Each structure stands twice: as C-alpha cells, then as structure tokens.
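Architecture and fold: a report
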Amino acid sequence: MNARLVYLTILAGLTATIFGQTPTRDVFGGSSCMGCHGQSAMGGLGPPLAKTKLSIEEFQKIVRSGKGMMPAIKENDLSPGDLQEVYTEVSNKPWLEDQIPIAYKVGRFLSPTSVSHIFMVAFLFCGIFAVRGITYWLRCAGFKQLLPSLAKLGWAKAIGIALKSLIVDGFLVGSLWKNNKKRWVMHGLLIYGFCGLLLADILIAIFNPQRGQLPLTDPLKLLPIVSGFAVALGVCYVMYRYKKDEYIDNGLTLGKDFLFVNLLFHVAISGFLVVTLKRLGINDWVMTIYLYHLASVFLLIVTGPFTRFQHMYVVPIMVAVTRLTEAVTATGVELGFQREPSPGRHHKSARIAEDVLKQVGLEGKVVMRYYP
Amino acid sequence: MPRLSMLIDLTRCIGCDACTLACKQENGTPFDTFFARVLNVEVGTYPDVKRLYIPVLCNHCDDAPCLKSCPNKAIIRRPDGIVLVDQDRCRGTGACVSACPYGNIILNREPDSWYLDEDEPYEKDFVKARLKPNVARKCTYCAHRVDQGLKPACVVACPTTARIFGDLEDEASDISQYVAQERETTQRKPFHLLEEAGTKPAGCYLGPMSKQDPHTLHQTDAIGDAKTAEMARVPQQGAKK
C-alpha cells in the first residue's frame, strides 16, 4: 500500500509539475480496495463497485466488518473520511462492461464456503483413490495371507509394531536420519511444513472462519507463513535435486514425479507470492495469483493418489508391513524358522503356488515341501 | 523397444535346482540369498498326488511395484525391461520387500556370510564390489551377461531347456518362436504369475502337460531352430503315411 502511495505521490507531483495543476485526490486508487475491486472499480476477485447501488451505511458496514472473502478494514487502515471519499469516488465511476475482469467472473463463485466445499470434494476424491491405492499395495504385500500369523503374534503386539514403524520410519523418516541428513532435512521441511499448513487451515476454519485480516504476529498468521516457508524451501531443494541428479529417471515414473514436484513448486511459490504482494501493497496481481494458487492446490490434491505424492503414505505402510513380517518370522510363530532374508517370502511363495495350480487346472490339497 | 523376458516351461522343469546353483555361482550371492528359486509343491492326497516344480525369480515387471514404492529411486527399469536395484543408492528402507508380490527382493538385516572362510579373487573383486551390505538385492536377469550378448546363467545351466530367454518383441527370438510353436503344437498359452496383482510381469510360464503326445514332444525338441524342427517333422510325417 505504501509503495503504491509513494509511487502515486511521485506521479502526481510529476503531473503537477508538467501541467502546472493539482490533480484530484484518488483515495480508491491508493487504497487496498483496488486490488480486489479493480483499477476502474469494475471488479477483480470482489464485485464491481462502480455505480454501486449500496447505501453509504451498507457500504460502511461491509468495509468495517467484512463480507465473504472481503476482510474487515479497520479505521487504522482507512479513516472514516477516506471511506466516505472512496464511496463517492466509486459511485461516480462509469460502468464499463468490457472492463469486468475474468478474475471476478471466476471469483464471484468463490466464497470461503464454496472454496471449502470444492476442497472437501477434492479431498474426498483423493481419499477414495488413496484407499484404493493402499488396498492395491496391501494386496501386493500379501497382507491377507499375513493376517493369521499376526493373530498368532497377538494383535496388541502387531498394532504396536505397526504404529512404531509408522511413526519412526514414516513420520520421523528414520532411515534417512541414519543415512543422509541432508535429505532428511528436505523431507522434514516438506512433511512438517505440510502438517503445519494443514493444522493452520483447521485452526483458521475454527477461529477465523471469515478469514479476516490478521497482524503478522498472530499465531494463526505465523503458523501458515512459517510452514509455507518450510515447504517452499524443501521443494526448492527437490527441484534442485531433480535438475542435478542424473539418476532421477527410473524408467517408469519420471513423468508423474515431475508433475508432483512441479505442482508442489507452483503451490509453494504462488502461496508465497500472494502473501508477499499483499504485504508490499501490489494488489493488482494478488487475486489472480491467489486463484492460481487455489487451482494448483486443487490439482495437487486430486492428482495426489497418482503421482509421487503417494509415496508419502505408500512407503511408510510398506515399511510397516515389512517390520510386521520380520517380527512374525523372528518370533517363529509362522513355520518354525527364525530367519528369512526376504520377509514375507514364505506366504508369498504359497500364494504363487496356489495361483499357478489354479491357472494350470490342478486341484487338491497344496503342500509346500521347502522354501529355498 | 526390446522387452527381455524369460519363459519357463513347467513341463520341462525337473526340479534339479541347477538354476539356483548357477545363479549363486554367477552372482556370488551370500549365505541364504537365492535369486533363482524352485518351489517344490505337492498337490492332492495319497494316492492321487502330483509334484510340481515352479522355478521363480524376479519377474522384471513392466509396472514394477518395487520400483514405484522405492523412496530413494534406487530401483530403475532399463529400456530393455530389466529392473535393477542400484546397490549404491539403496538405503535399505525395506518398502520394496513388501511391495513385491512375488517375494523376490532380498533384504538381509544380518551381516552377510559366505560359504568359504577366505574370499576367492572372484568374490573379492567382482561379487563383493557389486553386492553392498544391508541393501535390497534381487535377480538382475544377469544384466552383466546380457550386455555382453550372453544368456542369463540359469538359462544356460538348465539341463532340460525349461528356461527360454529372449526379446518378446522380436519375432525371430528364441522365446517368440517357442511361444508360437507351443501355441500351435500343444495349444499351451503362456501365463503370468498373480495376474490379478496388475504388475504386468515380463516373466511367463507354460503349464505342465498331463497327457503328453510323443509326436508333439518330438516337435518341441527343437527350440527356436527352424531347421531342426523341419528335420524332426519329416520322418514323423512319413511314419503317419
């Protein structure tokens, strides 16, 4: 806002010097209103204000207490006199149909409620396909065949092992902590950054549902900013690694991996740009970039179950199954042997044998003679 | 684009485990590590019992779950279809072990032990340089041999030529010819292990023939060699007349 004011003052000064006259004061242009309502007050993310049909009382009420996505603007930011001025200015602005920007045409469908509904649908979609994915992976791991052994091991013990693995190997990324601290930091920034963003979103939905403007020092503002910064930093390292690491192409998933990394990069950068531009008062671009940010987050969520995003839940789950299978073998509840270089091989071999016999049409009781 | 594949004819397998040993010898795998295994299966109850040998090894899947589950991108699929675990990149996380529906990825938490007290030069210079401790290992389709134009060790060692290796995309390859020939003579079609897993394995199998016609057996003796097949067919046609 201040930069804009300085710029306008200089411009006004120049104009006055050149033409030798004082220009009329443009409070609307100098306020943060313009960012959402457009330079010619024909709308942006917010509705057009030119030739407004609102009474001054209604106008004041909306400005002071906010409405929908519009934050409440207090007297420190806009004095009562300036508010009156803005109202007069916008009421007198001409109605220019062709000036209504696309951002408003898209944005008028968006309120905090509609946005949260859209994201609820996206999360539902993501959740359904993630669950479908997880059942695929558990089928690969032969989890159904492992269940009787887990029952013998004891459910409490099994759940304990699985939870420990999910926390240590998954959430704390134990294997990287031991092997590669640099990559652990990168994973930490992304995982805990994401968790921070998610937590912030939940807290904002509870404590600030109208998304009113908050000071930078407010925990509700600080948490998403710090988390977003962590994600941005993490994703920058991932991007760097994708450029640098010549073995990043594993011959199968490169396209999907790139999609995920790029979407994540766009989400992080656009999110950061929105906050920065808003703080700098460069309002013209805020809403367009905000819409872009929302669209990238939406795409990131709905493509999640099909991109490298899925390794966030697939890897911990698969490692947990490996730990469970190792525990089953180590306690000897399965077949009596206490060592198995490929955990789960015995029940997978039995499954293969049954499948082959079915495919070649042999029926009867199946006995595995030995497991090499 | 070539697609290397291994066809295993269950009719021909006699369960001698020569492939298992050849693999161990070629790859110098440590104690209790088997890339090529032979499952020994009994079906039915006495007196109606059958024994079936099912050689299993990494299937080098087109849509390999091990590769997709690897958090370190240590598993790669070469353009010819061979799926490899990069021993330097692998961190031994263990996700691939569970992800493989066939149980063909080996990850040993204990220190490796070999069979002899002292390393032979082969083990010291070739084997141990390739097999890093505490990381995932699996069959490589003998990529180092394939790159030199050789066939995998298990294929070469099989005394009954139950294993046929080659490029499925190339109609002139041993494997394509064998598949075509078996389809015609014994009406057997190759199948994959655990098709419902959706992994699109490269390895395929031909089922056992319970009733065998000696004439068709005679024909299938010639593997991928059109000339021998022709020679085998001539006296047979004469005998029919």
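As the structure is a computational prediction, the values presented were derived from the model and not from experiment. For every chain, the first residue of the written sequence is number 1, and numbering continues from 1 onward in sequence order. A letter from A marks each chain and a number from 1 marks each ligand, given out in the order of writing. Note on the predicted model: pLDDT of at least 70 is required for a residue's local features to be given, and 80 or more for side-chain atom pairs to be given and counted; whole-chain, interface and lining totals, by contrast, use all residues.

**As for the nonpolar core**
Nonpolar cores are identified as sets of buried Ala, Val, Leu, Ile, Met, Phe, Trp, Tyr and Cys residues joined via C-beta atoms within 7 Å. Burial is judged by counting other C-beta atoms within 10 Å of a residue's own C-beta: 20 or more means buried, 12 or fewer means exposed, and anything between counts as partly exposed, with every C-beta placed from the backbone. Of all hydrophobic cores here, the largest spans 83 residues; its most connected members are Met318 and Ile352 of chain A together with Ile54, Cys66, Cys96, Ala99 and Ala136 of chain B. Going along the chain from the N terminus, every DSSP run of H or I of four or more residues is numbered as a helix, and every run of E of two or more is numbered as a strand. Among the elements that take part in this core, helix α15 (residues 311–330) of chain A stands out by supplying ten residues, more than any other. Once C-beta atoms have been placed from the backbone, residue pairs whose C-beta atoms lie within 7 Å are recorded as contacts. Other than its neighbours up to four places away in sequence, Cys96 of chain B contacts Cys66, Ser69, Cys70, Ile75, Ile105 and Ala136 of chain B. Val90, Tyr104, Met287 and Tyr290 of chain A belong to the second largest nonpolar core, which has 20 residues in total.

**Describing the confidence of the model for chain B**
Residue and element names in this part refer to chain B. Averaged over chain B, the pLDDT score is 85; the fraction of residues at 70 or greater is 87%. Across residues 220–224 the pLDDT falls below 50, and counting only partners more than four positions away or on other chains, this stretch makes 15 contacts in the model. When the criterion is pLDDT under 50, residues 231–241 qualifies, and its contacts beyond four places in sequence or with other chains add up to seven contacts. For this predicted complex, the interface score ipTM comes out at 0.84, alongside a pTM of 0.80. For every residue, the predictor assigns a confidence score, pLDDT, that lies between 0 and 100.

**Thoughts on the pairing of strand β6 (residues 163–167) of chain B**
Residue and element names in this part refer to chain B. Counting buried positions along β6 gives four out of five residues, so the element sits mostly inside the fold. Across five bridges, the pairing between strand β1 (residues 4–9) and β6 is antiparallel. Bridge pairing in β6 places Ser5 opposite Gly166. Any two strands between which DSSP finds at least two bridges are classified as paired.

**Regarding the environment of Asn27 of chain B**
All names here are of chain B. Its location among the elements puts Asn27 in helix α1 (residues 18–27). Residue Asn27 is classed as buried on the basis of its C-beta count, with 22 C-beta atoms lying within 10 Å. A C-alpha to C-alpha distance of 9.3 Å links Asn27 and Thr140, two positions 113 residues apart in sequence.

**A word on the sheet that holds strand β1 (residues 366–368) of chain A**
Read from one edge to the other, the open sheet built from three strands follows the order β1(A)-β2(B)-β3(B), with strand pairing classed as antiparallel. Looking at which strands have only one partner, the edges of the open sheet turn out to be β1 of chain A together with β3 (50–56) of chain B. Here the strands of the sheet are splayed against their neighbours by 30 degrees on average, with no regard to which way each runs. Across three bridges, β1 of chain A lies against strand β2 (residues 37–43) of chain B in antiparallel orientation. Each bridged residue has a counterpart across the sheet, and for Met368 of chain A the counterpart in β2 of chain B is Val41 of chain B. Helix-sheet contacts for helix α16 (residues 345–360) of chain A involve β1 of chain A together with β2 and β3 of chain B, and the interaxial angle to β1 of chain A is about 140 degrees. Between the N-to-C directions of two axes lies an angle of 0 to 180 degrees, each axis being a line fitted to C-alpha atoms and, for a helix, fitted only over the stretch in contact.

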